[in-house]
Amino acid sequence: MRQIVLDTETTGIDPKDGHRLIEIGAVEVVNRRLTGNNFHQYINPERDIDPEAVAIHGITNERVADEPVFADVADAFWEYIRGGELVIHNAAFDVGFIDHEFGLLQNKRGGPRLGPVAEHCGVLDTLAMARKLHPGQRNSLDALCKRYAIDNGRRVLHGALLDAEILSDVYLAMTGGQTALSLAGVEGGDDAEGANSVSGIRRVAREGVTLAVTRPSEAELNAHRAKLDGIRQAAGECHWDALDEASQGSS
């Protein structure tokens, strides 16, 4: 599965007011693995950037004056995202700007149409996902970084590629945390003994095997409790508590 974790920076809030893209950052994830095949481009918006926007992302008119216009990078960007699933925090904002740029390009040059995004890509909104997972809580990217213990210390100002990289870590944590698993030397298909092997996972019979049970010392238990207290204070909740309640209810 190919996913593109994406973020943009813009000259202002609403493309209907003539605002344009000035930066696109995207991180490719294939089967929950970061591939390193990223897309990053600053763009000359052919208009001034609102001072309020500069205060958020720090990108000035002078910074993008010599960058290519969107028409010069549109084809490469389209080929990069087409057919993938876009993972975006507050997707309506970024997709709205991207579709607006493709629409302006179509009006200017004609020919084969690029976009709309939702007709050629899947779109997953991590803000909507976070609101379902954490109702009534703050679900900004910074809040999610704190909740999932993701390091965002470099995020002094917003930046499209940096935010996409951080969002990829947050998304993988929100959806299970496991980013990569490989079993060296395991081939697909049934082995000679008829053991069941599915997707590189080999089922091993364990008849006659006794597993040793090692119980924690009092010091280890105290360290564990202190760690859980830190999680509760930082995130406002701890999923371990729910597991404890479930286990007590079934005993």
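No experiment lies behind these values; they were computed from the predicted model shown.

Participant: How should I be thinking about the nonpolar core in this particular structure?
Facilitator: Residues F70, F77, I81 and F102 are the most contacted members of the largest nonpolar core, which totals 25 residues. If you list the elements that add at least two residues to this core, you get β1 (2-10), β2 (21-30), α3 (70-81), β5 (85-88) and α4 (91-109). The leading source of residues in this core is α3, at 7 residues. Leaving out residues up to four positions away in the same chain, F70 has contacts with R20, L21, I24, I43, N44, F77, E101 and F102. Grouped together as the second largest cluster of nonpolar side chains are 19 residues, V27, V29, L124 and L162 included.

Participant: Help me understand the layout of surface pockets in this model?
Facilitator: By volume, the largest pocket amounts to about 520 Å³. Lining the largest pocket we find 23 residues, and of these D7, T8, E9, F93 and H158 sit closest to its centre. A total of 5 residues in the lining of the largest pocket trace back to one element, the largest contributor, which is β1. Classifying every residue of the lining of the largest pocket gives 7 nonpolar, 8 polar and 8 charged.

Participant: I'm lost on unusual backbone geometry in this one. Help?
Facilitator: Note on backbone geometry: most residues besides glycine have negative phi, and most peptide bonds are trans. Backbone torsion omega between G115 and P116 reads -5°, so that peptide bond is classified as cis. Here P116 is to be found in the loop between α4 and α5 (117-120). Here N31, not a glycine, exhibits a phi torsion of approximately 50°, which is positive. Note on placement: N31 falls in the loop between β2 and β3 (33-34). When its relative accessible area of 53% is taken as the criterion, N31 is described as exposed. Phi is positive for E46, close to 60°, though the residue is something other than glycine. Topologically, E46 is positioned in the loop between β4 (39-42) and α1 (51-57). Classification of E46 by relative accessible area gives partly exposed; the value is 46%.

Participant: Honestly, helix α6 (residues 126-133) in this entry has me stumped. Any pointers?
Facilitator: An α-helical segment advances 3.6 residues per turn. Residues three or four places apart therefore align on the same side. Considered for burial, the residues of α6 that qualify are T126, L127 and A130. On an axial view of α6, the arc spanned by its buried residues comes to 100°, and they lie on one face. Along α6, the residues that are exposed and aim more than 90 degrees away from the buried face are R131 and K132. Structurally, α6 contributes buried residues whose contacts are with β5, β6 (122-125), α7 (141-147) and α8 (160-174). With a side-chain oxygen lying 2.9 Å from the backbone nitrogen of L127, the N-terminal cap of α6 falls on D125.

Participant: Got a minute to help me understand the packing of α6 against α8 in this structure?
Facilitator: When two helices pack together, their arrangement is given by the angle between the helix axes and by the axis-to-axis distance. Interaxial distance between α6 and α8 falls to 12 Å at its minimum, and their mutual angle equals 40°. Judged on the interaxial angle alone, α8 and α6 are oblique. For the crossing formed where α6 meets α8, the hand is left-handed. Along the contact surface, α6 presents T126, M129, A130 and L133, while α8 presents L167, Y171 and M174. Class assignment of the residues belonging to the contact of α6 with α8 gives a composition of 6 nonpolar, 1 polar and no charged.

Participant: Please clarify how the environment of V64 should be interpreted in this entry.
Facilitator: Along the chain, V64 falls in helix α2 (residues 61-64). A relative accessible area of 2% places V64 in the buried class. On a C-alpha basis, the gap between V64 and I49 in space is 9.8 Å, while along the polypeptide they are 15 residues apart. Once you skip the residues sitting within four places of it in the chain, V64 turns out to touch I22, Y42, I43, N44, P45, I49 and I59.

Participant: Just to check I follow, could you spell out the pairing of β2 for this structure?
Facilitator: For a regular strand, the rule is simple: side chains alternate between the two faces of the sheet. In terms of burial, β2 is a largely internal element, 9 of the 10 residues being buried. Strand direction decides the pairing type here: β1 and β2, joined by 9 bridges, are antiparallel. The residue bridging Q3 from the neighbouring strand is V29, located in β2. Relative to β4, β2 runs antiparallel, the two being bridged by 4 bridges.

Parameters at a glance
Residues numbered from 1 in each chain as written. Predicted model: local features only at pLDDT ≥ 70, side-chain atom pairs only at ≥ 80, totals over all residues. Heavy atoms only, no water. Core = buried A, V, L, I, M, F, W, Y, C linked by side-chain atoms within 4.5 Å. Buried < 20%, exposed > 50% of the residue type's maximum accessible area, 1.4 Å probe, protein only. Helix = DSSP H or I, 4+ residues; strand = E, 2+ residues; numbered from the N terminus. Contact = heavy atoms within 4.5 Å. 1 Å grid on protein atoms, 1.4 Å probe; cavity = no way out; pocket = protein on both sides within 12 Å on 5 of 7 lines; lining within 4 Å. Points joined across faces, edges and corners; volume = space filled by probe spheres on them. Nonpolar A, V, L, I, M, F, W, Y, C, P; charged D, E, K, R; others polar. Arc of directions from axis to C-beta. Polar contact = N/O pair within 3.5 Å; in protein donor to acceptor, adjacent residues only side chain to side chain. Axes fitted to C-alpha atoms, helices over the stretch in contact; angles between N-to-C directions. Parallel < 35°, antiparallel > 145°, perpendicular 65-115°, else oblique. Left-handed = near helix turned anticlockwise from the far one by under 90°. Pairing = 2+ DSSP bridges.

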